Structures are given as C-alpha cells and as structure tokens.
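Take a look at the letters that make up each chain.
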Amino acid sequence: MSLTVVGSIAFDAVTTPYGERSRMLGGSAVHFSLAASFFDAVRVVGPVGDDFGAPEYAVLHDRGIDTSDIELVAGGKTFFWSGRYHEDLNRRDTLRTDLNVFEHFEPKLSEDSRAADLLFLANIQPDLQRQVAEQCPGARFVAMDSMNLWIEIAHDSLVETIQAVDCVILNDAELRQLTGKPNLVQAAREVRSWGPTAVVAKQGEYGAALLTGEGFFALPAFPLEHVQDPTGAGDSFAGGFMGSLAAHDGEIDHDALRVAMAYGTTLASFNVEEFGTERMQRLTADEIAARLDDLQRITRFDAAPVALRD
Ligand code: AMP
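Just so you know, these numbers come straight off a predicted model, no measurement behind them. (Residues numbered from 1 in each chain as written. Predicted model: local features only at pLDDT ≥ 70, side-chain atom pairs only at ≥ 80, totals over all residues. Heavy atoms only, no water.)

The subject of this paragraph is the packing of helix 4 (residues 126–134) against helix 6 (residues 155–163). Helix 6 packs onto helix 4 with a crossing angle of 25 degrees between their chain directions and a minimal axis gap of 8 Å. Here helix 4 lies roughly parallel to helix 6, going by the angle between them. Relative to helix 6, the crossing made by helix 4 is left-handed. Two secondary-structure elements touch here, helix 4 through P126, D127, Q129 and R130 and helix 6 through S157, L158, E160 and T161. Each residue belonging to the contact of helix 4 with helix 6 can be placed in one class, and the counts come to two nonpolar, three polar and three charged. (Axes fitted to C-alpha atoms, helices over the stretch in contact; angles between N-to-C directions. Helix = DSSP H or I, 4+ residues; strand = E, 2+ residues; numbered from the N terminus. Parallel < 35°, antiparallel > 145°, perpendicular 65-115°, else oblique. Left-handed = near helix turned anticlockwise from the far one by under 90°. Contact = heavy atoms within 4.5 Å. Nonpolar A, V, L, I, M, F, W, Y, C, P; charged D, E, K, R; others polar.)

Written out as structure tokens, the structure reads:
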C-alpha cells in the first residue's frame, strides 16, 4: 500500500532539562515520515524555503522517503517552531511559531500522492489538511492530528476536517479542549459522533488509549529510563500507527488498530531517546522488532507483527 502525509516540515529550537538545540530538523510530517518509512513507501507533501538544503533532504532520502511533493518556495523561509520543556516532560511551552512558507501554501498533489491508500493529515492548519484530503478521494483510511493552537484559532475549520476523516489522534488535553468535555471517554465519544470511527487519545509518558465502535483499548508508554526530548513523539506514534496499518493485509478493524497502537508506542519510544530526529536516523528494523517484543511481554498484549523495511 502507499502512504501520503501532509504536515509541517520545520526547523525547531528546543530546550529540555537534558540539553538544547537551536536549529534542528523537525516538523510533524518529518517525524511522521521517518517512523512510517519502516513499514511502507511514504510521500511527504509540504513547502520549504531556501534554507532547507541537501543535509535535510538527505535525512529523508536515507530512509527512502519520496520528497517530490515537497515544494520549494523561492525566497521563502522554512516553518520554524521553538519550545521549552519543564522538568515534567509532559509539560511544554511553545515560545515561537513562524508559519513562514505555510502562510500562502496551496497544496497540489502529484498523481502518485493522490493515489495513496492511506493518508495522514499531520498537525498543520486544518484548511490545508482538508485541501489535501479532498485531493485523495480514493484513500481507504484517513487519519489526522492537530494541536491546541488550531483548536483556539481555527475551531470550526478543525471540526470540518475531523468530519471528513476515519481516525483522530490527539492528546488527551486537546480532546477535552476540543469538545469541552472533561471526561476523556465522553470526549472521544463526542468526536466519534462527528464522523470518525476511531479516536486515539495520546497521554504522553502514560501511553495512549483507543476508542472505536467495537470497544476500548489502552497501552502504557514503553518504560524508558532516559528521555532527552519528547518533540515529535506524537508524530512518530502516528507514523508507527499508520505505517503498521499500511503494512497490514486485510481490513482496518479494531484488532488491526490495536496492533497499530503497539507500533505507534514502539516508534514514539525511540524518537524521545534523543533530540529531534537524531535517534530515528540510526534506528533499525531489528531494534523495532526487539522493542515490540519487550512491549508485548510487559503489557501481555499479543500483537501479530507486520513486515518491516530496513
Ligand atoms: P509533537 O511533539 O508531536 O507535538 O510535534 C512537534 C513538532 O510539531 C515539531 O517538530 C514542530 O516543528 C511541529 N509543530 C509545532 N507547532 C506546530 C504547528 N502549529 N503546526 C504544525 N507543526 C507544528
């Protein structure tokens, strides 16, 4: 199957209690693609500026990611985000968001990207997410992420995008904020009533929960002694989640989604071990398989493994 993602392609400045980076490759679509590239062919859609150069492309190409739908905006600057994490790494403050080339971006997908079986609308302005979804009418499973910024400044557009997808992946605070319902199960049920069949509530170091019409499922995060930088954990989770669905033979039902939760959890756990994309650039399929085994042992959840690509 094939997998297309639209989202931010970024430079990030990040400070955590364990160090800092003033300019590193990031962005929701980048973190997603690196994780998903272990499962299937991935195409990235999004704009970059003149400052996005050969070293950044190389990170994506080394993982076989198709960048032909990355649009270079001549004279423009790549999206920039800066954030600072607290001692409690589940808490972070956004210091700066410069949309830059995203301000006037109008996605135009190639035939290959439009033909995607699976589509992920990574965190970016919800109008843009919808413009991409409309260009992929044949996709058999569409999932999306978002964040508090869009809930605050583009609520109605975000709800319209949610109505058009099969699965919403948000963190628990965002689900509560979006629906105004303090109870997470009620919040997830409310989002399902808008259209999506599945809702995933990410809960940082506490794991993630899945709600579908067939029931409820939850996994803890993989227990790690050393976490350096949680940036992109949610996107790597989504990359493992969607990647495993792309590699799965058969219907995308509750069971397939439970296995996807295990792969999402596994990929996210690698991403947070180092800053930005540093750990994902060295990751191997064998390491993923070994950690999935560990996760299964710890949680006593038997996830039928899918084939991985090195
Ligand atoms: P996460 O830690 O999963 O929330 O994702 C962090 C990534 O999202 C960073 O690499 C940022 O570049 C990117 N990001 C932060 N804010 C935004 C935004 N408003 N729109 C799109 N991407 C963003």
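This is not the end of the story, as more comes after the structure.
So, about the environment of A221. By the element assignment, A221 lies in the loop between strand 13 (215–219) and helix 9 (233–247). Under the relative-accessibility criterion, A221 is labelled partly exposed at 23%. If we ignore the near neighbours within four places in the chain, the residues touching A221 are G204, E205, Y206, G207 and T265. (Buried < 20%, exposed > 50% of the residue type's maximum accessible area, 1.4 Å probe, protein only.)

Bringing the nonpolar core into the picture now. Core analysis: the largest hydrophobic core is formed by 62 residues, its most contacted members being F120, F141, V200, F241, M242, L245 and M261. Broken down by element, this core gets its largest block of residues, 10 residues, from helix 10 (residues 254–271). With near-sequence residues (within four places) excluded, F241 lies in contact with C167, I169, V200, L257, A260, M261, Y263 and G264. Judged by nonpolar contacts, the second largest core, of 39 residues, contains V45, L119, I151 and L184. (Core = buried A, V, L, I, M, F, W, Y, C linked by side-chain atoms within 4.5 Å.)

Moving on: the site of the ligand. Close contacts around the ligand come from 21 residues, with S8, D12, G27, G232 and D235 the closest. Measuring from a nitrogen atom of the ligand, one finds a side-chain N or O atom of S8 at 2.7 Å. The backbone of G27 places a nitrogen or oxygen atom 2.7 Å from an oxygen atom of the ligand. Bound to the protein, the ligand loses 93% of the 500 Å² it would expose on its own. Within the residue set of the shell around the ligand, elements represented by two or more residues are strand 2 (10–16), helix 1 (28–36), strand 6 (79–85), helix 5 (148–153) and helix 9. Residues of the shell around the ligand, tallied by class, amount to nine nonpolar, nine polar and three charged. (Near = heavy atom within 4 Å. Polar contact = N/O pair within 3.5 Å; in protein donor to acceptor, adjacent residues only side chain to side chain. Areas by Shrake-Rupley, 256 points an atom, 1.4 Å probe, with all protein chains shown as cover.)

Here we take up helix 10. Under the 1.5 Å per step criterion, the end-to-end length of helix 10 is 26 Å for 18 residues, consistent within 8% with the ideal 26 Å. Within helix 10, 16 of the 18 residues are buried, leaving the element largely enclosed by the surrounding structure. (Expected span 1.5 Å × (residues − 1).)

Our next topic: the packing of helix 10 against helix 12 (residues 285–299). Packing of helix 10 against helix 12 brings their axes to within 10 Å, and their N-to-C directions diverge by 120 degrees. Relative to helix 12, helix 10 is oriented so that their crossing is right-handed. From helix 10, A262, Y263, T265, T266, L267, S269 and F270 reach across to helix 12, where they touch E287, I288, R291, L292 and L295. Of the residues in the contact of helix 10 with helix 12, the class split is seven nonpolar, three polar and two charged.

We now examine the pattern of salt bridges. What the rule picks out here adds up to 15 salt bridges. D145 is the partner of K202 in a salt bridge, and the nearest nitrogen-oxygen pair spans 3.5 Å. With K202 in strand 11 (residues 198–202) and D145 in the loop between strand 9 (141–144) and helix 5, this pair connects stretches of sequence that are 57 residues apart. Note on accessibility: K202 and D145 belong to one class, buried. Of the charged contacts in the structure, one is a salt bridge between D172 and R176, with a shortest N-O distance of 3.9 Å. (Salt bridge = Lys/Arg side-chain N within 4 Å of Asp/Glu carboxyl O.)

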